[in-house]
Amino acid sequence: MYSHSRDFTMDKETVLTHTLKTDGMSTLLGGELPVSVINNNKYISPLTSEAQATDKNVKDDLLSLDRAIHTALSDEVRTITLVGPKGSGKTTVLEKLVVGWAKGEHLQNFAYVFHFRFRELNYLTGMFSLETLMLHHHGHVPSESVPQLLQKPEDVLFVFDDLDQWNHSLDPSARALCSDPSRAASVSCLVASLLHGSLLKGAASVVATRPTGHLKFLSGTRVELLGFLKPQREAYFKGFFTDPVAAKKAQRHMERTLGFYDICTSPRFCWTVCSVYKFLMDAGAKLPETLTQLYVDILVHLVQTLSLNEACSRELVLALGKMASHCSLDLHSSCTKEEMDSLGFQHFLTSVGVFLRVDGDQLDKRVFSFHSQLMQDFFSVVSFYLDRSTSVGVAKMLEKHKGQAKFVDIFLSGLSEPLQRRPLETLLGELNSNLIMDFKCWFKSSSEATLKGCCKDEHHYCFHLLHQAQNESLVKEIISPSARLGISYGDLRLEDCAALNYVVTCLGEMEQLNLYHTRNPTEEQAEMLAPTMGISHKIILSGSSLSPGAVSHLASALSRGFSKELDLSQTHLGDKKFKVLCSGLRDCKLHTLKLQCCELTGGSMKALSTALCSGQSELRKVDLTQNAIGDRGVEALCKSLRHPLCKLQSLNLFDSELTGACCPYLMEALMSEHCSLSELDLSVNDLGQEGALLLCQALSRPGCPIEKLGLKRCELTQSVFKELSSVLRSGTSQLKSLIVGINAVGDQGVKHLWDAVAHPSCLLEELDVEMTGLTDGCVMDLCAAVRASKTLKSLEVRNNSLTNASVPALLRVMQDSPNMQEINLKYNNFCEEVFNMLNECDKIRY
């Protein structure tokens, strides 16, 4: 059958001719034949999970699938398993591997390459030796070379496709494995023995499969196929369309309407989409806006190619629907001819090839299966809506398919809308209006309950159905004021982003977009959500890890939108990404920016200062807690505080690695007539006496706007407390809240503040003297100050050394002072015997 080479090695020319032989034809749903892809130089290597993890794109060959296989096989690895979903390009990869070897391009360390398909091996019955299997089912090798082959197994590579279709177990404990290549055994035994290394030990294997239970029995290297991500899809579209303008238009449309679905990573699906888009574009027709519209266009096109009348078309689609339900509900991946006859295909067996995969040469032994779960689910829904006699309602139908059909509910929603189902009805007749109404009633009632709850997955489910329906009035009807849209939607998939964005843009605004703890949101996800971010009053991204691309889209959304608050706390933002964000802060409506623990330094404060002074920034509150801002960073910020266009009113620099060296800049800023800062927190910074006294000078300036000042644990002294007292008694100070806890000044130092509180010019409403070393000796001054003050409402005295002796006086003063709302006495030296006394006043916390 094949010519033999003289040196008794495998005839590569014969292998090449056999592999590149066209068997069958490319179909709309089945994808382009691997042979056609290879012959026409249209091969694009699918992306691997390893390549994605290192951020490699389609042009980076270093970690491509092909390179991963070649590298592994040139090492000590003897088994490589390629795992990927249906249509991810596994078969094409294997055939390209064999063709490349036959052409001498790679893997020349192997003298023999045997290519088997498990789907075909299933049909082999009887007993074979390995020698017989190789000779009779792979005639590319001359019989004279078999002894040489068996003596050097390291020169042999087995390529196995479709492991998931294998009908036998690979469990080595389930059977005795064989080791003699001349001994006859069942094909299932030969395969298991080869893959476990007991037969032809040292030979290498490349196995391709969908996720399957067989994988647990395979050792070696496993490579996960992701298929085509956006860069690969772009390259694919350029290769498919001869017109670059058409290619760009088609690819952009796919990314906008479908690119967020996992199925778009499938090269086969990309072929289907390109084919559909091409005939629609050539006909001047509108491209589909949803997955449902795409499959309506596909079904209409395929049925029209058969030239059937309406009745026959309807009968065929109903039969395909019965088959889909049979495969889904009974967990069958395929149907025999007998099963097809029982499902109503007697008159259509010669036509079903346009819809189904058909395996087998003889009619009676042919096996029929759907090319994808998507098409199977679509036929289930179309036939359900077509059936005028069914008594099964939507809820029962969904319950039956639960866990088995991923897209049934999506298609139910899409086909419930007249615009999307109209082409189908033109071809097949009207769908069952009662079932459509039943779906709408079910959807409204279930969504109402779902959206009042706090389960984000159930919210996303509702959004997906709304997105597929493409009905803005339905969105506004379903999303009532009672819907809890402010729950955390963190860790969204790309398709979740698309659905959420559609819903929010239909609503026109969102009170709170909560994306708390979103791990590694991609640039694509941020781009998809940018419109939603722009129309959300509050955005929560705390605890997330943002890429530079995601930050860029966030900045753009802020500059175009009307968001008022942004929380980026604990996002590991860093200076580089923060500077990108600042480009959006220069012209935005944002009022509050939370940046706690974002790994910022003083090096990025110039960019923030520039934004604050732009004249277009509405920022009023910035929280930089626990960032290494340093004194130079404060210097940059103080320039903006002196600027007439800066509107900042609150600045939090808690634990920002400051020293007294920053205080001259702060003093100059606070003494500026343009400074509008009313809240300043400098707590947990080593300002010391000299620095704090400079601040007191600024606070004493008439017109100084500071109303709330935090100086907790700032190494303050009694002299500083004395100056603060003078400021409070000056009659010009606007201070209403003073936090000076964790400064060891004792009773004597805090007495200055009690004297100030008692003064009629003092406006203090809140005073925090936690852990300042207070004893019972301060209580008389404390009580006198509280009684004299007309403004004091809250007093923080926890973590001091007050004892039981102070309790009666404190109780009386709190009961006698109507202005006082709370005193916190926790963690003082009280015994349980006074707790009942403290309970008499609900304004005392202890």
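As the structure is a computational prediction, the values presented were derived from the model and not from experiment.

A. Just the overall build of the chain, in detail. Within the chain, the regular secondary structure consists of 35 helices and 24 strands. For a compact globule of 846 residues, the expected C-alpha radius of gyration is about 28 Å, and the chain comes in at 37 Å, more than 25% above that figure. Principal-axis analysis of the C-alpha atoms gives the chain an extent of 110 × 65 × 60 Å. Looking at the chain residue by residue over its 846 residues, the buried ones come to 54%. Within the chain, contacts between residues separated by at least 24 positions form 78% of all contacts whose residues are at least 6 apart in sequence. Total accessible area computed for the chain in this model is approximately 36200 Å², and 49% of it derives from carbon and sulfur atoms. A gap of 3 Å separates the mean positions of the 84 positive and 97 negative side-chain charges of the chain.

B. Inspection of the environment of Val779 at higher detail. Turning to its location among the elements, Val779 is positioned in helix α33 (residues 779-788). In the structure, Val779 is positioned 31 residues away from Leu810 in sequence and 7.6 Å away in space, judged by C-alpha atoms. When neighbours within four sequence positions are excluded, Val779 is seen to be in contact with Leu802, Ser806, Ala809 and Leu810.

C. Highlighting the confidence of the model for the chain. For the chain, mean pLDDT is 91; residues scoring 70 or higher make up 96% of the total. Contacts from residues 1-7, a stretch scored under 50 in pLDDT, to residues over four places away or in other chains number 10 contacts.

D. Main features of the sheet that holds strand β5 (residues 156-161). What the 6 strands build is an open sheet, ordered β1-β8-β2-β7-β5-β3; its pairing is mixed. Looking at the sheet topology across the chains shown, the edges are occupied by β1 (47-48) and β3 (112-117). Relative to strand β8 (residues 221-227), strand β2 (residues 79-83) runs parallel, the two being bridged by 4 bridges. Opposite Leu82, over in β8, you have Val223 as the bridge partner. Along the sheet face, helix α9 (residues 187-196) touches β2, β5 and β7 (204-209) and points at about 120 degrees away from the line of β5.

E. Representation of the layout of surface pockets within the structure. Looking at the second largest pocket, its volume works out to about 680 Å³. Secondary-structure elements contributing two or more residues to the lining of the second largest pocket are α10 (230-240), α11 (244-257), α23 (494-507) and α24 (523-534).

F. Structural view of α33. Among the residues making up α33, those that are buried are Val779, Leu782, Cys783, Ala785 and Val786. For α33, the arc enclosing every buried residue in end-on projection is 160 degrees, short of the 170-degree limit, so these residues lie on one face. On its buried side, α33 packs onto α32 (746-758), β22 (794-796) and α34 (807-816).

G. Quick peek at the packing of helix α18 (residues 408-415) against helix α21 (residues 456-469). One can describe the packing of α18 onto α21 by two numbers: an axis separation of 7 Å at closest approach and a directional angle of 40 degrees. Between α18 and α21, the crossing angle belongs to the class labelled oblique. α18 and α21 meet at a crossing whose hand is right-handed. Along its contact with α18, which presents Asp409, Ile410, Ser413 and Gly414, the element α21 presents Tyr461, His464, Leu465, Gln468 and Ala469. Within the contact of α18 with α21, the residues separate by chemical class into 4 nonpolar, 4 polar and 1 charged.

H. The side chain of Asp681, seen in detail. The topology assignment puts Asp681 in strand β18 (residues 679-681). Comment: no salt bridge for buried Asp681; closest opposite-charge side chain is Lys708, at 7.0 Å. Only 2.7 Å separates the side chain of Asp681 from the side chain of Ser683, close enough to count as a polar contact.

I. Layout of the side chain of His553. Among the secondary structure elements, His553 is positioned in helix α25 (residues 548-560). A relative accessible area of 17% places His553 in the buried class. Each residue touching His553, except ones within four places of it in the same chain, is listed here: Glu523, Ala526, Glu527, Ala530 and Met533.

J. Main features of unusual backbone geometry. With a phi angle near 55 degrees, Leu107 is a residue other than glycine that sits in the positive phi range. Structurally, Leu107 is set in the loop between α5 (90-102) and β3. Look at Leu107 and you get buried, because its relative accessible area is 9%. Residue Ile742 is not a glycine yet carries a positive backbone phi of 55 degrees. Here Ile742 is to be found in the loop between β20 (737-739) and α32.

Rules of the game
Residues numbered from 1 in each chain as written. Predicted model: local features only at pLDDT ≥ 70, side-chain atom pairs only at ≥ 80, totals over all residues. Heavy atoms only, no water. Helix = DSSP H or I, 4+ residues; strand = E, 2+ residues; numbered from the N terminus. Rg over C-alpha atoms; globule rule 2.2 N^0.38 Å. Buried < 20%, exposed > 50% of the residue type's maximum accessible area, 1.4 Å probe, protein only. Contact = heavy atoms within 4.5 Å. Areas by Shrake-Rupley, 256 points an atom, 1.4 Å probe, with all protein chains shown as cover. Lys, Arg positive; Asp, Glu negative; His and termini not counted. Charge placed at Lys NZ, Arg CZ, Asp CG, Glu CD. pLDDT = per-residue confidence, 0-100. Pairing = 2+ DSSP bridges. Axes fitted to C-alpha atoms, helices over the stretch in contact; angles between N-to-C directions. 1 Å grid on protein atoms, 1.4 Å probe; cavity = no way out; pocket = protein on both sides within 12 Å on 5 of 7 lines; lining within 4 Å. Points joined across faces, edges and corners; volume = space filled by probe spheres on them. Arc of directions from axis to C-beta. Parallel < 35°, antiparallel > 145°, perpendicular 65-115°, else oblique. Left-handed = near helix turned anticlockwise from the far one by under 90°. Nonpolar A, V, L, I, M, F, W, Y, C, P; charged D, E, K, R; others polar. Salt bridge = Lys/Arg side-chain N within 4 Å of Asp/Glu carboxyl O. Polar contact = N/O pair within 3.5 Å; in protein donor to acceptor, adjacent residues only side chain to side chain.

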